[in-house]
Number of protein chains: 2
Amino acid sequence: MAAKPSIPKGTRDFSPVEMAKRNYIFDTIRDVYHLYGFQQIETPSMEMLSTLMGKYGDEGDKLLFKIQNSGDYFSGITDEELLSRNAAKLASKFCEKGLRYDLTVPFARYVVMHREDIAFPFKRYQIQPVWRADRPQKGRYREFYQCDADVVGSDSLVNEVELMQIIDTVFSRFGIRVCIKINNRKILSGIVEIIGEADKIVDITVAIDKLDKIGLDNVNAELKEKGIGEEAIAKLQPIILLSGTNAEKLATLKEVLSASEIGLKGVEESEFILRTLQTMNLKNEIELDLTLARGLNYYTGAIFEVKALDVQIGSITGGGRYDNLTGVFGMAGVSGVGISFGADRIFDVLNQLDLYPKEAVNGTEIMFVNFGEKEAAFSMNMLAKVRAAGIRAEIFPDSAKMKKQMGYANAKQIPFVAIVGENEMNEGKAMLKNMESGEQQLVSVEELIAKLQGN
Amino acid sequence: MAAKPSIPKGTRDFSPVEMAKRNYIFDTIRDVYHLYGFQQIETPSMEMLSTLMGKYGDEGDKLLFKIQNSGDYFSGITDEELLSRNAAKLASKFCEKGLRYDLTVPFARYVVMHREDIAFPFKRYQIQPVWRADRPQKGRYREFYQCDADVVGSDSLVNEVELMQIIDTVFSRFGIRVCIKINNRKILSGIVEIIGEADKIVDITVAIDKLDKIGLDNVNAELKEKGIGEEAIAKLQPIILLSGTNAEKLATLKEVLSASEIGLKGVEESEFILRTLQTMNLKNEIELDLTLARGLNYYTGAIFEVKALDVQIGSITGGGRYDNLTGVFGMAGVSGVGISFGADRIFDVLNQLDLYPKEAVNGTEIMFVNFGEKEAAFSMNMLAKVRAAGIRAEIFPDSAKMKKQMGYANAKQIPFVAIVGENEMNEGKAMLKNMESGEQQLVSVEELIAKLQGN
C-alpha cells in the first residue's frame, strides 16, 4: 500500500465550510474596499529573489521560500564553492526566484513597473497568500492570506480618515465590536526629541504600556533602568499619565510637545483625523494610544491597530503611513498609507463569537432524492426550473438507499429535501420536506420555488 | 540608482481592469457551480514532492517547481554526491516540497486525508493557481489558474449530464456560443477491439479528424501507413464516415460495435447522456465527436471538450470520467468525473468578442472633486450617505488642480463626478456631472443617490 500522504508543515487544507467562512470574510472586505474606490491587483506568487532579498532584514531573507532553478542549477558553480556547503550563499546560485513574503514589496515593484499606466493616487487592494518559512506554531502558518489596501501618491490625511471608515464599516458588517487605536510616529519622535533620547522610543512605549499593571513608580523605575535620565523622566510624567478623551490627550500633548516641531505636526495630524471622524458617526470607538508602536521602523505618520473587544486575541488589523515605498527600486517620492486585515484572526474571532450569518455559510438549499431513472428524469426537469430561479439545488446522483441519501443531506446541512416517487410524478408535484421541522408538503415546482425564496 | 525590477518569465501582474474581468469569469463559474451543489475547497500551494512526483510522467516531474529546504539543505549529502552534479537526483535531497502542478493530484490527496469527514458523493470545486516550469510562450504561462469541478464517489451518469448543463449555463451567461463535444473512451476501446488494433486509438482518431481536409482516400492511406491492415480499414469505413445527428451516429455505432461489449457500453452511456440532455433545452449544441481523444490515458468513460464557435482558439473547457483517483495514495475504489474551465482562454475569447458586461468591469461610480478642506469635509458627509446606499464612491484625496482630478476620473473611467464648491455648499447640494454627456445638474444627496441607482 502507498504511503499515507501528508501536507507540508505549517500549511492547511480548507474544507468546504472553512472556505465558505473565508469567502464571507474576503467578500465583506472586498465589498467595502470597492465602496471606497479601491481597485484589486494581483502579482505573481514568485518574485525574483533580487526583488525580495534585503527588504525584510537578515531574518526575513532566511524566511524566504526559494525556488530551485529549472534544468542544471549546478552550472557556473565551482567544485570549491559546492564543497564549501555555504547554504545561504549557494542558495542565491541554485535559486533566482522566491515566494512572495508579503504584499508590500510586490506592490512597490508593481508600482515601479507600471508607473506609466497608473493614475495616481493609486488606491489598490490585494488579497493573496504569502509564504514564510517561520517555525509553525498555533495560529502561525507558513502560508496565509493578507488583505491589504493602500493609497500611494497622496499625502492627504483624507486617506487616513477613509481607511478608518473602512475599518469601522468592515467590523460593523462582521458584527465584531472593536476599538480602533491610533497613534502617530511624529508624536513619538517629538517625545524623544524633547527628552533628548532619540533611540529610546520602544523602551518608553513599552514602559508606558505597563502603567495599569505595575503602577507609576514601577514604570519610572523601569525607565531609569533603561538608562533614561531623571530630568527626562520628569518631563515624561504627563505623557505616562496621559488620560481622558482624545481631545484632552491631544491638548496635553500640545503643551508638552510645544518645543518640538515634529511632535506638534503629529498632534495636528491626529487632531485632523479624529475631528473629521467625529462627524462621520463611526460605530466603533477610536482611541489615541501612545503605546502603539508597531512597525516603527517603517511608519512615518499615523499608525493604526484594531483590537477586538469581546475576544482575547492580538491585533486583528493594522497599518499606517509610510514614506518612500519604491525608493529601493529607484523610484523616489512615492509615499502612502495602508491597512491590512488579519484574515486568520478575524476567522477565529467570528468563530468564537459565532457571528457567521447563516446565508454566508449555507450551500445547497434543496436536494432531490433519487428513486431511479424515471424519477430522476422527472426531478431533473424540476431542478432545471429551481436552478433557473437562482436556488442552489442538487439531486443525489445514484438511486441509493434512502438512509444514505438522507445522511448525505444531513451531512451537507441541506435544509430542504424533495421526494419524488410514483405518486408525486402522477400529480406532477414533489413532496417537500423541511429537514429541521420534519414537516412535509406536496407542492408544485412553482410552489416549491416560492417556498424556498421565502414567499 | 537601483536595478529595474522585473518578474519571473512566464508570470504576470494583473492590473485592476484585468482583475475585474478575471473576477467576473471566476464569479460566474463559481455561481453556477454553487447552483449545482458543488462546494469549494482550497489546498496549499506547496505539496510534499512525495505527493507530486511520479504523477505527471517524467516530463511532468521535470516541470515541477521545487522549493529548497530551509536551513542547511546540504546535510546528509556526501561530497561525492555533490560533485556528481546530478541535478535531478540532488533536487530530491535539496527539496522536499514543490508547487502544485494541477488541482487533481492535490484533490486526490485531500480526499484520502479527509475521507472520514467527507460526505460522498463529494462534489467539490477548486479555483487556484498552478505552476509549471514549461517554456513560456504566447498564451502559455508558468503560473495560471485552473477552475475544476469534480464529483467523486458516484458512478451515476447523472453527474455527466449535470456537468454538461453547467458548461451550457456558464457559456450562456458569458454570451459565448460554443459547441460541446462529447465522446466516450469505451466507444474508442470498442473500435480498436473490433479491428484488433488495441494500441492504435490515437492514430485512428487523428486520421479520422482529417477527413474534411484530405478526403477519404487519403485518410485510408494514412491508416495503412500507420500499419493498420486492410480488413481493419474496411471495418473502419462506417466509423470514418460517421455523420448525421447524434442519434444517427449512435445507431451506426451500435451496429458496427455489436460484437464489442465495452463498445456497446460506451454507446449506451452516450445515449443516456444525450437523451437526458435533450429534455433539458440546452442553449448550446452538443455533438458526439469520435475524434475527441484528450487525456486518453486518464479517462475511462465520457470525454468532454468545448470549442468556441466565433473565435479561433483551442479547447476552452474539457473533462471526463476517470477511475481510481486515489489509488496511488492507497485508497481504492474512488472514481469520478470532472470538468475544468480554461480561464485564460475564456478571458481572451471574452476580450475578442467584447462580451464583458459594463457593470462587471466598472469600478467607482462617482468621484467628488476636492476643492479644499472645508469642501472636502462637506463632501465626505455626502459620501457617507452615498456609500451607505451601496454606491461605489470616492473623493480625490488632495485639493489638486481641477485638470489633475478630472484626469484621474477619466483614467479610472468614473462615469459621474460631483462638484462641491462654495455655491453648492450654501445650497446644501452638489453639482452632478455626467462624464460622458457632459451634462450638469444641481442635486441634493438624495437626488444624487436616486440618479446613480437609475431611478
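Residues numbered from 1 in each chain as written. Chains lettered and ligands numbered in written order. Predicted model: local features only at pLDDT ≥ 70, side-chain atom pairs only at ≥ 80, totals over all residues. Heavy atoms only, no water.

Residue and element names in this part refer to chain A. According to UniProt, the positions carrying the feature "binding site: L-histidine" (unreviewed entry) are Asp102, Leu103, Thr104, Arg132, Gln146, Asp150, Arg294, Tyr298 and Tyr299. With respect to the secondary-structure elements, Gln146 resides in strand β6 (residues 143-152). The residues touching Gln146, leaving out its near neighbours within four places in the chain, are Asp102, Leu103, Gln126, Ile127, Gln128, Val130 and Arg132. Within the structure, the side chain of Gln146 is placed 3.3 Å from the backbone nitrogen of Leu103, a separation counted as a polar contact. (UniProt positions renumbered as here; feature names shortened; annotations may be inferred. Helix = DSSP H or I, 4+ residues; strand = E, 2+ residues; numbered from the N terminus. Contact = heavy atoms within 4.5 Å. Polar contact = N/O pair within 3.5 Å; in protein donor to acceptor, adjacent residues only side chain to side chain.)

Our focus in this paragraph is the sheet that holds strand β14 (residues 416-419) of chain A. Residue and element names in this part refer to chain A. Taken together, the five strands give an open sheet; going across it, the order is β13-β12-β14-β15-β16, and neighbouring strands pair in mixed fashion. Strands with a single pairing partner mark the edges of an open sheet, and in this sheet they are β13 (393-395) and β16 (440-443). Pairs of neighbouring strands in the sheet enclose a mean axial angle of 25°, with direction left out of account. With three bridges connecting them, strand β12 (residues 366-368) and β13 associate as parallel partners. Looking across to β13, one finds that Met367 is bridged to Glu394. Sheet strands touched by helix α16 (residues 373-388): β12, β13 and β15 (430-434). Its angle to β13, the strand with the most contacts, is close to 170°. (Pairing = 2+ DSSP bridges. Axes fitted to C-alpha atoms, helices over the stretch in contact; angles between N-to-C directions.)

This part covers the relation of the copies chain A and chain B. Mapping chain A onto chain B calls for a screw motion: a turn of 180° about the axis and a shift of 0.0 Å along it, with 0.0 Å RMSD after fitting. Seen this way, the second copy is the image of the first under a two-fold rotation axis. Relative to the rotation axis, the C-alpha of Ile67 of chain A is the closest in chain A, positioned 2.2 Å from it. Looking at the interface residues of chain A, 99% of them are also at the interface in chain B, so both copies use one shared face. (Least-squares fit on C-alpha atoms with pLDDT ≥ 70 in both.)

Cis peptide bonds are those with omega within 30 degrees of zero, and the linkage from Phe120 of chain A to Pro121 of chain A qualifies with -5°. Locating Pro121 of chain A in the fold gives a position in the loop between α6 (104-113) and β5 (122-131). Positive phi, close to 50°, is recorded for Asn281 of chain A, a residue that is not glycine. Along the chain, the position of Asn281 of chain A falls in the loop between α13 (261-278) and β8 (285-288). The phi dihedral of Gln413 of chain B is positive, around 55°, even though this residue is not glycine. Of note, Gln413 of chain B is situated in the loop between α17 (402-411) and β14 (416-419).

Counting residues at the interface gives 105 residues for chain A and 104 residues for chain B. Both sides of the chain A and chain B interface together cover about 8,700 Å² of buried area, and 60% of this is carbon and sulfur. Summed over the shared surface of chain A and chain B, the number is ten salt bridges. For Arg85 of chain A, the salt bridge identified is with Asp79 of chain B, shortest N-O distance 2.9 Å. Between chain A and chain B we count 42 residue pairs in polar contact (both at pLDDT 80 or more) in total. When the residues that make up the side of chain A that touches chain B are grouped by side-chain class, the tally is 54 nonpolar, 27 polar and 24 charged. (Buried area = accessible area lost by both parts, 1.4 Å probe. Salt bridge = Lys/Arg side-chain N within 4 Å of Asp/Glu carboxyl O. Nonpolar A, V, L, I, M, F, W, Y, C, P; charged D, E, K, R; others polar.)

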